[in-house]
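Residue-level listing of the chains:
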Amino acid sequence: MNLKNVIIRQIIILIFQVVLYFGCEFFQKNPKNMDLPIDKKIPALPYFALIYVLWFPLIAIFPISLFKEAKNLYELYVICWITDIVISVIIYLAYPTTCTRPKDVENIRCGWMLKILYKFSYKGLNCSPSMHCSISTLVLIFAIKTIQIPTIFRIIYASLSIAIMLSTLFTKQHVIIDLISGVLLTLLVFIVLSVFLV
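**Looking at the nonpolar core**
Here comes step 1: Formed by 35 residues in total, the largest nonpolar core has its most connected members in F62, L66, Y77, W81 and F142.
Here comes step 2: Contributions of two or more residues to this core are made by α1 (3-23), α3 (55-69), α4 (71-94), α6 (131-145), α7 (151-170) and α8 (176-197).
Here comes step 3: Formed by eight residues, the second largest nonpolar core is a distinct cluster that contains C133, A158, M165 and L179.

**Details of the side chain of Q28**
Here comes step 1: Tracing the backbone shows Q28 in the loop between α1 and β1 (32-33).
Here comes step 2: Q28 sits in the buried class, given a relative accessible area of 10%.
Here comes step 3: From its side chain, Q28 meets the backbone oxygen of C24 in a polar contact 3.4 Å long.
Here comes step 4: A distance of 2.5 Å separates the side chain of Q28 from the side chain of N126, its partner in a polar contact.
Here comes step 5: Non-local contacts of Q28, meaning those with residues more than four positions away in its chain, are made with Y92, P96, L125 and N126.

**Focus on the packing of aromatic side chains**
By convention here, two paired aromatic rings are described through the distance between centres and the angle between planes.
Here comes step 1: Under the counting rule described, the total for this entry stands at 10 aromatic pairs.
Here comes step 2: On the basis of an interplanar angle of 80 degrees and a centroid distance of 5.0 Å, the ring pair of W55 and F56 is categorised as edge-to-face.
Here comes step 3: Assessed through its relative accessible area of 4%, W55 is described here as buried.
Here comes step 4: Here Y77 and W81 contribute two aromatic rings whose centre-to-centre distance is 6.0 Å and whose plane-to-plane angle is 55 degrees, an arrangement assigned as tilted. Here Y77 and its partner W81 are both found in helix α4, four residues apart, which amounts to about one turn of the helix.
Here comes step 5: Taken together, F62, Y77, W81, F142, Y157 and F190 form an aromatic cluster joined through their ring pairs.

What counts and what doesn't
- Residues numbered from 1 in each chain as written.
- Predicted model: local features only at pLDDT ≥ 70, side-chain atom pairs only at ≥ 80, totals over all residues.
- Heavy atoms only, no water.
- Core = buried A, V, L, I, M, F, W, Y, C linked by side-chain atoms within 4.5 Å.
- Buried < 20%, exposed > 50% of the residue type's maximum accessible area, 1.4 Å probe, protein only.
- Helix = DSSP H or I, 4+ residues; strand = E, 2+ residues; numbered from the N terminus.
- Polar contact = N/O pair within 3.5 Å; in protein donor to acceptor, adjacent residues only side chain to side chain.
- Contact = heavy atoms within 4.5 Å.
- Phe/Tyr/Trp six-rings, centres within 6.5 Å; stacked < 30°, edge-to-face > 60°.

From the geometry alone we can't say anything about function, so treat these as descriptive.
This is the structure:
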């Protein structure tokens with residue numbers, strides 16, 4: 001497989017992810033709110049919206065970097081990624097979830113950032129497990145694992161993954177249970193598939 005085919009595969013997977021993610025929202029009814037008392041203590045920080053949206057270029061660029069440096073790990077990454085998407089969507093359909101967003105974003109400094117962000121996920125569904133967190137965890141695992149990638153890039157990928165996971169809380173797109181379930185899902189997927197595929 002060459003780089004051109006990898007890029008085409010990336011585009012197909014990203015389209016697959018978007019279609020499943022937003023498509024399953026049409027079939028969800030009576031979502032359960034996953035807020036915990038501790039979530040109310042986490043402030044809404046609009047600047048984290050800038051970090052939150054970096055998830056999209058991260059999941060588009062990292063697999064290409066991984067392919068260039070470690071083709072064998074790239075294949076495992078892709079299988080884990082697709083598995084993660086499918087399991088997440090099944091959970092969204094079987095147990096729809098939501099969370100509470102701040103209603104007074106206009107009164108928060110730079111709240112317009114959150115207002116724009118919320119427009120792109122206007123229904124506020126598909127919260128648990130957080131796909132932002134699960135796939136960021138996948139990037140984090142492979143950034144740490146792939147010693148062939150230059151150290152500076154591994155640090156960037158890992159740091160950005162962690163920052164994105166935190167941003168899901170500070171933008172109020174997700175709550176703590178969403179983050180934890182996303183991380184645990186990816187760890188489970190990675191461990192199981194590593195046993196059978198490596």
